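Architecture at a glance
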Amino acid sequence: MQRSPERKREVTGRDQGHDDESGNEYLKRIDSYIEHLAANLWHLNKYIHDNPELAFEEHKAHDALVLLMKTQKEWKITPSAYGLQTAWVAVYDSWNPGPVVSFNAEMADALPNLGHACGHNLIATASIAAGLATAQMIEQYNLPGRVMIFGTPGEEGIGGGKIRLLEAGAYDGVDVSLISHPGILNNSPRVRTTAFARIEVEYFGRAAHAANSPWLGINALDALVIAYNSISVLRQQTMPTDVIGMSITNGGAAPNVIHAYAAGVCVLRAASALRLRDLQQKVCACFHAGAEATGAQVEIKVTPGYADHVPNLVLASLYTKYWNLLPDVPSPPIPPGDQRTFVKASTDQGNISYAMPSVNASFAIPPGPLKGQPHSPEFEKSSGTREAFERALRVGKALAGTAVDILSKPGLLEEVKAQWRSDMEAAGVIVRRS
Ligand SMILES: [Zn+2]
Ligand SMILES: [Zn+2]
């Protein structure tokens, strides 16, 4: 049972609006607490930004974040958690039953040769600020429940650190997951990302002399070219949100030999995991067509990528409330109503959103003169500025407000979960009601 804190006004319903007194009071405390942390967080943010490490090699970031968390009283820290060297878990417990809210601190994985061009230093900063502020509010207002911060490594590429943690049971018993991601275009907690998969295809034919006895051969490259062309034809009937990219990684050997072997790689993106499954079937049919036409043997290896991110609208409305309550609302404003912000990128937070209610708030940082977006050298510079850091703190405050509402308002978590169940049913996932 959730205990109601004594000092708060009883508020029920989904959108409490700007006149929410408890929200205002919480936010004042969250704001001043995060400002009080700012000097330490700035050093941490700068240290991570200036020491980029690749996915699953984020040792400096791991050690620095764990060290900071260890200086916080009452937090229980597990470094190198769940068999992942650079993952960690921090828990702050009220020791009163209640919601379990969590923040994913991207373990600051950087990009090869580009450094922090995806701004993951800012994600870690926002989540740490939010987690610490939420714990402070639990203490100050005697709130029930628990707050957790997960140091999640290896999001870039298809490493899927969060998926590994999810599969290892790290999120068992966690009610909601909150995270953010910087960019330059959007401020939005209703971010949809794409579902993603990688397919490797190999054809095995039979070599023969291409002039003297070609009829004895089976041409693996022909099979691959037929598949490539079939996929090109397929593209005219795909959905606007579908993306199919393909490359030939082995185009056969000598031109005077019927090719015994050819191989390619295909990358698929779609608006939802359900749509991705359909698209994958169509692409695999093209691969089989190549084999059928030539007599080559085909081998297809599908590496599941990331699921699309399904934003929880109830959580998003709480985030929006706090974002707009803070002074100097940055541009662009959060889109009105339930409007989703569609981002053609993929994240393993998508998989988390299929396991529990999630928000992955996009936030705009001041861009450089060329308006370089994530994964560009200019964005690497933008993500290291003081202005970008200040935006990350604002995100941290809005995320903390969201978490505090869940912990303090009876019935709100049930509303969040009801929204999630209906989202999952719409996404074709069968949800067990408990
Ligand atoms: Zn990235
Ligand atoms: Zn990223």
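As recorded in an unreviewed UniProt entry, the protein goes by Peptidase M20 domain-containing protein 2 and comes from Setomelanomma holmii.

Considering the overall build of the protein
Helix and strand counts for the protein stand at 11 helices and 12 strands. Over its C-alpha trace the protein gives a radius of gyration of 24 Å, about what one expects of a compact globule, namely 22 Å for 434 residues. Dimensions of the protein, computed from C-alpha atoms along their principal axes, come out at roughly 90 × 45 × 40 Å. Each of the 434 residues in the protein was classed as buried or not, and the buried ones make up 50%. Residue pairs in contact within the protein that sit at least 24 positions apart in sequence constitute 78% of those at least 6 positions apart.

Some details on the nonpolar core
Core analysis: the biggest nonpolar cluster contains 80 residues, and Ala105, Ala129, Ala130, Tyr319, Leu399 and Ala403 have the highest contact counts within it. Setting aside residues no more than four positions away along its own chain, Ala129 makes contact with Ile34, Leu37, Leu41, Leu393 and Gly396. Counting 31 residues, the second largest nonpolar core, distinct from the first, contains Ala197, Leu221, Ile226 and Ala227.

Thoughts on the sheet that holds strand β7 (residues 195–204)
Strand order in the open sheet formed by 4 strands is β8-β9-β7-β10, and the pairing between neighbours is antiparallel. The open sheet has two edge strands with one neighbour each: β8 (243–250) and β10 (297–304). Across this sheet, the average inter-strand angle for adjacent strands is 20°, counted without regard to direction. Sheet topology places β7 next to β10; 8 bridges connect them, and they run antiparallel. Looking at the pairing, Glu200 lines up with Lys301 of β10.

A look at helix α1 (residues 21–50)
With 30 residues, α1 should cover 44 Å at 1.5 Å per step; its first-to-last C-alpha distance of 41 Å lies within 8% of that length. Residue Ala38 marks the point of greatest curvature in α1, where the axis turns by about 50°. If you check which residues of α1 are buried, you get Gly23, Tyr26, Leu27, Ile30, Asp31, Ile34, Leu37, Leu41, Leu44, Asn45, Ile48 and His49. Packing partners of the buried residues in α1 comprise α2 (59–70), α3 (120–141), α7 (313–325) and α10 (386–408).

Focus on unusual backbone geometry
Put simply, Ser331 and Pro332 share a cis peptide bond, and its omega is -5°. Residue placement: Pro332 occurs in the loop between α7 and β11 (341–343). Of note, Glu74 is a non-glycine position whose phi angle comes to about 75°, a positive value. Here Glu74 lies in the loop between α2 and β1 (76–78). Of note, the phi angle at Asp328 is positive, near 55°, even though the residue is not glycine.

A closer look at the environment of Gly372
Within the secondary structure, Gly372 is located in the loop between β12 (358–364) and α9 (377–382). Here the alpha-carbon distance between Gly372 and Ile184, two residues 188 residues apart in the chain, equals 8.0 Å. Those residues in contact with Gly372 that sit more than four places away from it in its chain are Pro367, Pro377, Glu378, Phe379 and Ser382.

Some remarks on the pairing of β7
Here β7 pairs with strand β9 (residues 261–270) via 10 bridges, running antiparallel. Looking at β9, one finds that Ile199 is bridged to Cys266.

Describing the confidence of the model for the protein
In the predicted model, the protein carries a mean pLDDT of 92, and 94% of its residues have values of at least 70. Across residues 1–19 the pLDDT falls below 50, and counting only partners more than four positions away or on other chains, this stretch makes 31 contacts in the model.

Some points on the sheet that holds strand β2 (residues 88–93)
Spatial strand order, β1-β2-β4-β3-β5-β12: 6 strands in an open sheet with mixed pairing. In the strand order of this sheet, the two ends are held by β1 and β12, each with one partner. Neighbour-to-neighbour, the strand axes of the sheet open up by a mean angle of 20°, direction not taken into account. Of the pairings in the sheet, the one linking β2 to strand β4 (residues 146–152) comprises 6 bridges and is antiparallel in character.

Conventions we followed
- Numbers given to residues run from 1 along each chain, matching the order in which its sequence is written.
- Starting at A for chains and at 1 for ligands, labels are handed out in the order in which the entities are written.
- The predicted nature of this model means local features are confined to residues of pLDDT at least 70 and side-chain atom pairs, given and counted, to a pLDDT of 80 or more, with totals for whole chains, interfaces and linings taken over all residues.
- Helix numbers and strand numbers start at the N terminus; a helix is a DSSP run of H or I with at least 4 residues, a strand a run of E with at least 2.
- Note on method: radius of gyration uses C-alpha positions; expected globular size equals 2.2 Å times residues raised to 0.38.
- Three exposure classes are used, all based on how many other C-beta atoms lie within 10 Å of a residue's own C-beta (placed from the backbone): buried at 20 or more, exposed at 12 or fewer, and partly exposed between those limits.
- Whether two residues are in contact depends on their C-beta atoms, placed from the backbone: they are in contact if these lie within 7 Å.
- The term nonpolar core refers to a group of buried residues, namely Ala, Val, Leu, Ile, Met, Phe, Trp, Tyr and Cys, whose C-beta atoms join them within 7 Å.
- Following DSSP output, two strands are said to pair if at least two bridges run between them.
- Lines fitted to C-alpha atoms define the axes, with helix axes restricted to the stretch in contact, and inter-axis angles between N-to-C directions lie between 0 and 180 degrees.
- To estimate how far a helix should extend, the number of its residues minus one is multiplied by 1.5 Å.
- The seven residues ending at a residue and the seven starting there each receive a fitted axis; the angle between those axes is the bend at that residue.
- One number per residue, pLDDT, summarises how confident the predictor is, and it ranges from 0 to 100.

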